[in-house]
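# Chains, contacts and geometry: an overview
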Amino acid sequence: MIYPWLSNVEQQLAASFNAGRFHHGQLFNGQQGVGKRALVEQLANALLCLSATNLVPCGHCKSCHLNQAVTHPDKYVVQTDGQSIGVDDIRSVSDFMHQSAAQNANKVVVINDCHKMTTAAANALLKTLEEPSPQRFLLLTTSATTQLPATILSRCAFTQVKVNDDNVAMNWIAQLHVPAYPWLKMFTQQPLLVARWQQDEQLEVIDQLYKFATELKQGHNFSVLVDIISKDIERVRVFCLFLSEQLKQQLIAGMDFDSYQSAQNALAEFVQNSTQILGLNLPLAVSRLAYRLRKSYK
Ligand SMILES: [Zn+2]
């Protein structure tokens, strides 16, 4: 078991594999921090392992040792830190698939964040998906299926990776000894994100963002806030998540729907501008956001 909330998914995949129904193209969708990569890593290693049981690698065979050293010749991982996965990346995938296998005859390709494929790349991948060779497996992860062409979606077995029971995630987070921040429960679908913040000593900063979101409607001086969010685009998203959550609470407490809608639009615009406009005047964007939210709160 990788993470306690993934055990159901692991069991389902193992059952389909043991029954000979494991599809050659597998797509895993889930939020950032839910454990898709760890899951796919385990699957890839199990498919390559010489004595795996229930799709879990043995950890001791030659294949497993190669995987531990990240030098397995039959595994190919496409990963992008940039904006897109191009057609050349996918051509390397099909070249790799056509080579013969070095170890137990299976070959596995992992494409993380596959929604970042360009149209040309997606079309190139389609060919590999449509004409599968035996013992070739394609494991795709995404957090944005809506950005994927329907042709890719329809040719893959689809697995939703999520936390089914919030308590399982909260218990797991609790054993990390994270302070009991009021916002932790908003991340029960992303327990690994919380773990990463702890590891990177970011929890205090996230908590500060939460406080800024709570006080935005009274605040006038946003320089500290701007300073924090300008350092990392992820912080903009987290800050806006906090604001959005507050708006939902306001709606429940009786805010009229038009004001709610216009405030949410202001938020969406802010996220879009912050993530897409290079050299955006962030202090101005933040005060404009605060102004528009204040008008909605009335
Ligand atoms: Zn093994």
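What you are looking at is a predicted structure, and each value in this text was computed from that prediction instead of being measured.

### Let's talk about the layout of surface pockets
Regions of empty space are outlined by a rolling probe, equal in size to a water molecule, passed over the atoms. There is about 1700 Å³ of room inside the largest pocket. Taken together, 37 residues line the largest pocket, and the ones lying closest to its centre are Gln32, Asp113, Ser143, Glu234 and Arg237. For the lining of the largest pocket, the elements supplying multiple residues, two or more each, are α2 (36-48), α8 (191-199), α11 (233-252) and α12 (257-276). Tallying contributions element by element places α11 first for the lining of the largest pocket, with 5 residues. For the lining of the largest pocket, the residue count by class is 11 nonpolar, 17 polar and 9 charged. Mapping the lining of the largest pocket onto the domain boundaries places at least three of its residues in each of domain 1 (4-160) and domain 2 (202-297).

### Points about unusual backbone geometry
We note that valine 70 has phi near 55 degrees; this positive angle belongs to a residue other than glycine. Non-glycine residue glutamine 135 carries a positive phi angle of around 65 degrees. Here glutamine 135 shows up in the loop between α5 (119-130) and β4 (136-142). Since its relative accessible area comes to 41%, glutamine 135 is described here as partly exposed.

### Here we look at the coordination of the zinc ion
For a metal with four tetrahedral donors the ideal donor-metal-donor angle is 109.5 degrees, whereas six octahedral donors ideally subtend 90 or 180 degrees. Summarising the metal site, the zinc ion is bound by the protein donors Cys49 (SG), Cys58 (SG), Cys61 (SG) and Cys64 (SG), whose distances to it range over 2.2 to 2.4 Å. Donor residues for the zinc ion, ordered by position in the chain, follow C-x8-C-x2-C-x2-C. The partly exposed category is assigned to cysteine 58, whose relative accessible area is 24%. Judged by its relative accessible area of 3%, cysteine 64 is buried.

### Some points on the pattern of salt bridges
Under the counting rule described, the total for this entry stands at 11 salt bridges. The partner of aspartate 227 in a salt bridge is lysine 231, with the nearest N and O atoms 3.2 Å apart. We classify aspartate 227 as partly exposed; its relative accessible area is 42%. Overall, the relative accessible area of 57% leaves lysine 231 in the exposed class. In this structure, glutamate 245 and lysine 248 form a salt bridge, with 3.9 Å as the shortest nitrogen-oxygen distance. With glutamate 245 and lysine 248 both in helix α11 and 3 residues apart, the pair spans about one turn of that helix. Owing to a relative accessible area of 39%, lysine 248 belongs among the partly exposed residues under this scheme.

### A short note on the sheet that holds β4
Ordered in space as β2-β3-β4-β1-β5, the 5 strands form an open sheet in which the pairing is parallel. What marks the edges here is a single partner per strand, and that holds for β2 (75-78) and β5 (157-160). Across the sheet, the axes of successive neighbouring strands diverge by a mean angle of 15 degrees, strand direction being ignored. Judged from the 4 bridges that link them, strand β1 (residues 25-29) and β5 form a sheet pairing that is parallel. Within β5, the position partnered with asparagine 29 by the bridge is glutamine 160. Helix-sheet contacts for α2 involve β1, β2, β3 (107-111) and β4, and the interaxial angle to β4 is about 175 degrees.

### Focus: the pairing of β4
Within β4, 7 of the 7 residues are buried, which leaves it mostly tucked inside the rest of the structure. Burial along β4 is two-sided: Arg136, Leu138, Leu140 and Thr142 facing one way and Phe137, Leu139 and Thr141 facing the other are all buried. Two elements, β1 and β4, share 5 bridges in a ladder whose sense is parallel. Note that in β4 the partner of phenylalanine 28 across the bridge is threonine 141. Pairing geometry for β3 and β4, over 5 bridges, is parallel. For valine 110, the partnering residue across the bridge sits in β4 and is leucine 139.

### Digging into the nonpolar core
In terms of nonpolar packing, the biggest core is built from 70 residues, with Leu139, Trp183, Leu209, Leu225, Ile229, Phe239 and Phe270 touching the most fellow members. Inspection of this core shows a minimum of three residues originating in each of domain 1 (4-160) and domain 2 (202-297). The residues touching phenylalanine 239, leaving out its near neighbours within four places in the chain, are Leu209, Phe212, Ala213, Leu216, Leu225, Ile229 and Leu289. Of all hydrophobic cores here, the second largest spans 21 residues; its members include Ala122, Leu140, Leu148 and Ile152.

### Points about the side chain of threonine 128
Relative to the helices and strands, threonine 128 resides in helix α5. Beyond its immediate stretch of four places on either side in the chain, threonine 128 contacts Ser94 and Met97.

### Quick notes on the packing of aromatic side chains
Per the stated rule, a full pass over the model turns up 14 aromatic pairs. Both rings, one in phenylalanine 22 and one in phenylalanine 137, keep their centres 5.8 Å apart while their planes meet at 55 degrees; by these two values the pair is tilted. Here phenylalanine 22 is found in the loop between α1 (7-18) and β1, whereas its partner phenylalanine 137 is found in strand β4, with 115 residues between them in sequence. For phenylalanine 137, a relative accessible area of 10% puts it in the buried group. Ring centres of tryptophan 183 and phenylalanine 242 lie 6.1 Å apart, and the angle between their planes is 55 degrees; this geometry places the pair in the tilted category. Within this pair, whereas tryptophan 183 is found in the loop between α7 (166-174) and α8, its partner phenylalanine 242 is found in helix α11, the two being separated by 59 residues in sequence. No difference in accessibility class separates tryptophan 183 from phenylalanine 242, as the two residues are buried. By the ring-pair criterion, three or more aromatic residues cluster together here, those being Tyr181, Trp183, Phe187, Trp197, Tyr210 and Phe242. Seen from the ring of phenylalanine 96, lysine 107 lies directly overhead, with NZ or CZ sitting 4.2 Å from the centre.

Cut-offs applied
- Residues numbered from 1 in each chain as written.
- Predicted model: local features only at pLDDT ≥ 70, side-chain atom pairs only at ≥ 80, totals over all residues.
- Heavy atoms only, no water.
- 1 Å grid on protein atoms, 1.4 Å probe; cavity = no way out; pocket = protein on both sides within 12 Å on 5 of 7 lines; lining within 4 Å.
- Points joined across faces, edges and corners; volume = space filled by probe spheres on them.
- Helix = DSSP H or I, 4+ residues; strand = E, 2+ residues; numbered from the N terminus.
- Nonpolar A, V, L, I, M, F, W, Y, C, P; charged D, E, K, R; others polar.
- Domains from an automatic or database assignment.
- Buried < 20%, exposed > 50% of the residue type's maximum accessible area, 1.4 Å probe, protein only.
- Donors = N, O, S within 2.8 Å, 3.2 Å for Na, K, Ca; no water.
- Salt bridge = Lys/Arg side-chain N within 4 Å of Asp/Glu carboxyl O.
- Pairing = 2+ DSSP bridges.
- Axes fitted to C-alpha atoms, helices over the stretch in contact; angles between N-to-C directions.
- Contact = heavy atoms within 4.5 Å.
- Core = buried A, V, L, I, M, F, W, Y, C linked by side-chain atoms within 4.5 Å.
- Phe/Tyr/Trp six-rings, centres within 6.5 Å; stacked < 30°, edge-to-face > 60°.
- Lys NZ or Arg CZ within 6 Å of the ring centre and 35° of its normal.

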